[in-house]
Amino acid sequence: MMAGGSARATRKRQGTNLMPSQTPLPLGARPELLKMEGIDKTFNGDVVALKGLSLQVNEGDFISLLGPSGCGKSTALRLIAELSHPTRGRITWAGGHDTGDLGVVFQEPTLMPWATVAENVWLPFRLRGASYASVKDEVLQALRLVGLERFQTVYPRELSGGMKMRVSIARAMVTRPRLILMDEPFAALDEITRFRLNNDLLALKEKIGCTVIFVTHSVFESVFLSDRIVVMAARPGRVIRELTVDESYPRDEDFRTSSDYAAHCRSASDALHEAMGIAA
Amino acid sequence: MSIAEDRGADPAPIVDADEARRARARRLDQIGKWTLPALVLLVSLFLWDRVVVWNEIPHYILPGPGLVFETLIKDWAMLFDAALVTLQITLMALAVAVLGGVGLAILFTQSRWIEMSFYPYAVILQVTPIVAIAPLIFIYVDSRIAGLLLCAWLVAFFPVLSNTTLGLNSADHNLRDLFRIMGATRWQRLRYLQLPSALPYFLGGLRIAGGLSLIGAVVAEYVAGTGGIGSGLAFRILEAGYRLNIPRMFAALILIAGMGVIIFAGLSFLSHMLLRKWHESALKRER
Ligand SMILES: Nc1ncnc2c1ncn2[C@@H]1O[C@H](COP(=O)(O)OP(=O)(O)OP(=O)(O)O)[C@@H](O)[C@H]1O
Ligand SMILES: [Mg+2]
């Protein structure tokens, strides 16, 4: 019954049980999760969205992709999700992968309006043929983690923007994927909600011990959340700088007001200006 | 803000001046919705009656509302049987239109080739007036019922087809991407994403199709002409016309109109029940 791929299945099950916390290894010691090598992506033969993009993603990383509009951040995520394919170069997962290894959160919550909160979170399991009864515990636990357990029978239209986004996050992590891609998930939210979700996202990542690639336009958000910031420039889209924010997790409001935070923000901001200067 | 966020707090209801005004306006709206049309009806019936009486119009030219009503009661058994026949054709045609329309729409969205091949002909069938096609149908189709059904179906299936096709194709593109990432099969995408997305569109098409299948059934009866057992309302109108039985024509007309209204109201109710939990169209916003 458990022939090929059983090692991964076992690890995944452990990941679920190992609940409260998996502190990620220090930055230098993390095993490779996936690698993008020399990626070019051209649309319609002449729009060069990405040129020579290389990036190694390690297990436990929280990577922010930071860059001006049009530099190919979304395109990079779509390539990783195999929604489109690179014109040149390749993306390889260390040890292969399957659909359950990936969770995605878009800028809009992208919920099914005809389904309740719990049914929305059930979706990834449902598509694998799992009945609701058989995964009810996982679904409810995911909802508990995002603080929405009480709302399981509510329809999305009754939720605020921030709550919808929480449902979307719960859906992305309910299957305990190894990698979660987030494309400006909080861009449309007000700042207070955004801060709160930033805190919660970090707590969640700690709990389920996944890897995150997070696209944002906000220097502050990228510094607060990530331990690696990949700064990209446009025309053609490429990586121009990578910064590390080697500050311990959990990070809290004290970190937001620390001088280290300010220093990281300054260097990220400088790198972003450089990216925009080159683009101009 | 959201009502959901306040749940559990259970605050005492606070009614401010705004709320009170809105509640009053809502109540007036509710009353007006029924009383105003009823008033218009009463006034028109009264005027109709007066015009007939004052001008001494003979009943074989324009009967008064009283006579029409009398005829409706007197001929009720015959008219009601006819109405049942027409209703039966209409509902059967609607059912076939739904099956055919939805089935074709699903085929169209599964394969571009099928859509490209057949869509133009669906349009041609739709734009050709049914009165022009109906005589041919009755030449080639022996069974009277089958002919009527075919006519009614031809008129009714297109709105179902085009609305459902539109709905199936209008599933949120991010959700489509998500389904792809999660490895959904074609069937899962149809079942869990496209069909629910199409539901509001389909129901819109269904309401139009309900009215059209009645029109189709009536037109077909006119064309089919011959009477006997199983004649519908349209045939009764024709027959009464030959005999200058104008009150009966009016009575039958009222029955047809009433049937149309009932079909429309029934389908609207169905639509409301299916969508009220989640769709914006069924959501009551503060005004
Ligand atoms: N499907 C497509 N067809 C043609 N061009 C595309 C397509 N998708 C993206 N592009 C182009 O590729 C470039 C990068 O787009 P992308 O959406 O990846 O940028 P982005 O960094 O995510 O921008 P933003 O911050 O505004 O979301 C842009 O110039 C865009 O016009
Ligand atoms: Mg983008």
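It should be emphasised that the depicted structure is a prediction, and the values quoted were computed from it without experimental measurement.

Engineer: Requested: an account of the overall build of chain A, with residues and values cited.
Structural biologist: Counting secondary structure elements, chain A contains 9 helices and 9 strands. Here the C-alpha atoms of chain A give a radius of gyration of 19 Å, agreeing with the 19 Å that 2.2 N^0.38 yields for 280 residues. Seen along its three principal axes, the alpha-carbon backbone of chain A occupies a region of about 55 × 45 × 40 Å. The buried share among the 280 residues of chain A stands at 52%. Considering only contacts in chain A between residues 6 or more positions apart, those separated by 24 or more positions represent 72%. For chain A, the accessible area works out to roughly 12100 Å², and carbon and sulfur atoms hold 52% of it. Of note, chain A has its 34 positive side-chain charges centred 5 Å away from the centre of its 32 negative side-chain charges.

Engineer: Mind laying out the overall build of chain B, listing which residues take part and the relevant values?
Structural biologist: Along its length, chain B carries 10 helices and 0 strands. Along the chain direction, N to C, the helices and strands of chain B fall in the order α-α-α-α-α-α-α-α-α-α. By the compact-globule yardstick of 19 Å for 287 residues, chain B is too spread out, its C-alpha radius of gyration being 25 Å. Overall, chain B is about 70 × 60 × 25 Å in size when its C-alpha atoms are taken along their principal axes.

Engineer: Outline the environment of Gln56(A), supporting the account with residue identities and numerical values.
Structural biologist: All names here are of chain A. Along the chain, Gln-56 turns up in strand β2 (residues 47-58). According to the relative accessible area criterion, Gln-56 is partly exposed, its value standing at 33%. A C-alpha to C-alpha distance of 18 Å links Gln-56 and Lys-41, two positions 15 residues apart in sequence. The residues contacting Gln-56, other than those within four sequence positions of it, are Glu-32, Leu-34, Lys-35, Asp-61, Ile-63 and Arg-228. Of the polar contacts made by the side chain of Gln-56, one reaches the side chain of Asn-58; its length is 2.8 Å.

Engineer: Give a description of the interface of chain A and chain B that names residues and reports values.
Structural biologist: Counting residues at the interface gives 29 residues for chain A, matched by 31 residues for chain B. Regarding the contact of chain A and chain B, the summed buried area is about 2700 Å², with carbon and sulfur atoms giving 64% of it. The largest contributions to the chain A side of the interface with chain B come from Trp114(A), Leu127(A) and Arg157(A), which together make up 30% of the buried area. At the junction of chain A with chain B, the criterion picks out 1 salt bridge. Put simply, Arg78(A) and Asp177(B) hold a salt bridge, and the shortest N to O gap is 2.9 Å. Where chain A touches chain B, the interface holds 6 residue pairs in polar contact (both at pLDDT 80 or more). Every element with two or more residues in the side of chain A that touches chain B is listed here: β5 (102-105), α3 (117-126) and α5 (161-173) of chain A. Split by residue class, the side of chain A that touches chain B holds 17 nonpolar, 3 polar and 9 charged.

Engineer: Please provide a residue-by-residue account of a nonpolar patch on the surface, values included.
Structural biologist: Residues and elements named next belong to chain B. A cluster of nonpolar side chains, Leu-36, Leu-39, Val-43, Phe-46 and Leu-47, forms an exposed patch at the surface whose accessible area comes to about 510 Å². Position of Leu-36 relative to the elements: it lies in helix α1 (residues 17-54). Residue Leu-36 is classed as exposed on the basis of its relative accessible area of 53%.

Engineer: Run through the nonpolar core, naming residues and quoting values.
Structural biologist: Counting residues in hydrophobic clusters, the biggest one holds 81 residues, and the most contacted among them are Leu65(A), Leu102(A), Leu179(A), Leu181(A) and Ile213(A). With 13 residues, the single largest contributor to this core is helix α6 (residues 144-169) of chain B. Contacts of Leu65(A), omitting those with residues within four sequence positions, involve Leu55(A), Lys73(A), Ala76(A), Leu77(A), Ile213(A), Phe214(A), Val215(A), Thr216(A), Val230(A) and Met232(A).

Engineer: Got a sec to walk through the domain arrangement of chain A? Specific residues and values, please.
Structural biologist: Residues and elements named next belong to chain A. One can read the domain layout of chain A as domain 1 (32-97 + 178-280) and domain 2 (111-177). Just the C-alpha atoms count here: the centres of domain 1 and domain 2 sit 25 Å apart. On the side of domain 2, 11 residues touch domain 1, which itself brings 15 residues to the contact. Roughly 1100 Å² is buried in total at the junction of domain 1 and domain 2, and carbon and sulfur atoms are behind 76% of that figure. Contact with domain 2 buries area across many residues of domain 1, yet Leu-197, Leu-204 and Ile-208 alone supply 42% of it, more than any other trio. Inspection of the region where domain 1 meets domain 2 yields 1 salt bridge. The shortest N-O distance in the salt bridge between Arg-166 and Asp-200 comes to 2.9 Å. At the junction of domain 1 and domain 2, the tally comes to 1 residue pair in polar contact (both at pLDDT 80 or more). Listed by contribution, the elements that provide at least two residues to the side of domain 1 that touches domain 2 are β6 (179-183) and α6 (191-208). Residue classes in the side of domain 1 that touches domain 2 are distributed as 10 nonpolar, 1 polar and 4 charged.

Engineer: Account for the site of ligand 1, naming residues and giving values.
Structural biologist: Residues and elements named next belong to chain A. Around ligand 1, 13 residues are found, and the nearest of them are Ser-69, Gly-70, Lys-73, Ser-74 and Thr-75. A distance of 2.8 Å separates an oxygen atom of ligand 1 from a polar side-chain atom of Lys-73. A distance of 2.5 Å separates an oxygen atom of ligand 1 from a polar side-chain atom of Thr-75. Here ligand 1 has 630 Å² of accessible area as a free molecule, and 62% of this is covered by the chains. For the shell around ligand 1, the element with the highest residue contribution is helix α2 (residues 73-80), accounting for 3 residues. For the shell around ligand 1, the class distribution of residues is 4 nonpolar, 7 polar and 2 charged.

Criteria and thresholds
Residues numbered from 1 in each chain as written. Chains lettered and ligands numbered in written order. Predicted model: local features only at pLDDT ≥ 70, side-chain atom pairs only at ≥ 80, totals over all residues. Heavy atoms only, no water. Helix = DSSP H or I, 4+ residues; strand = E, 2+ residues; numbered from the N terminus. Rg over C-alpha atoms; globule rule 2.2 N^0.38 Å. Buried < 20%, exposed > 50% of the residue type's maximum accessible area, 1.4 Å probe, protein only. Contact = heavy atoms within 4.5 Å. Areas by Shrake-Rupley, 256 points an atom, 1.4 Å probe, with all protein chains shown as cover. Lys, Arg positive; Asp, Glu negative; His and termini not counted. Charge placed at Lys NZ, Arg CZ, Asp CG, Glu CD. Polar contact = N/O pair within 3.5 Å; in protein donor to acceptor, adjacent residues only side chain to side chain. Buried area = accessible area lost by both parts, 1.4 Å probe. Salt bridge = Lys/Arg side-chain N within 4 Å of Asp/Glu carboxyl O. Nonpolar A, V, L, I, M, F, W, Y, C, P; charged D, E, K, R; others polar. Patch = residues over 30% accessible without salt bridge, like charges linked within 9 Å, V, L, I, M, F, W, Y side chains within 5 Å. Core = buried A, V, L, I, M, F, W, Y, C linked by side-chain atoms within 4.5 Å. Domains from an automatic or database assignment. Near = heavy atom within 4 Å.

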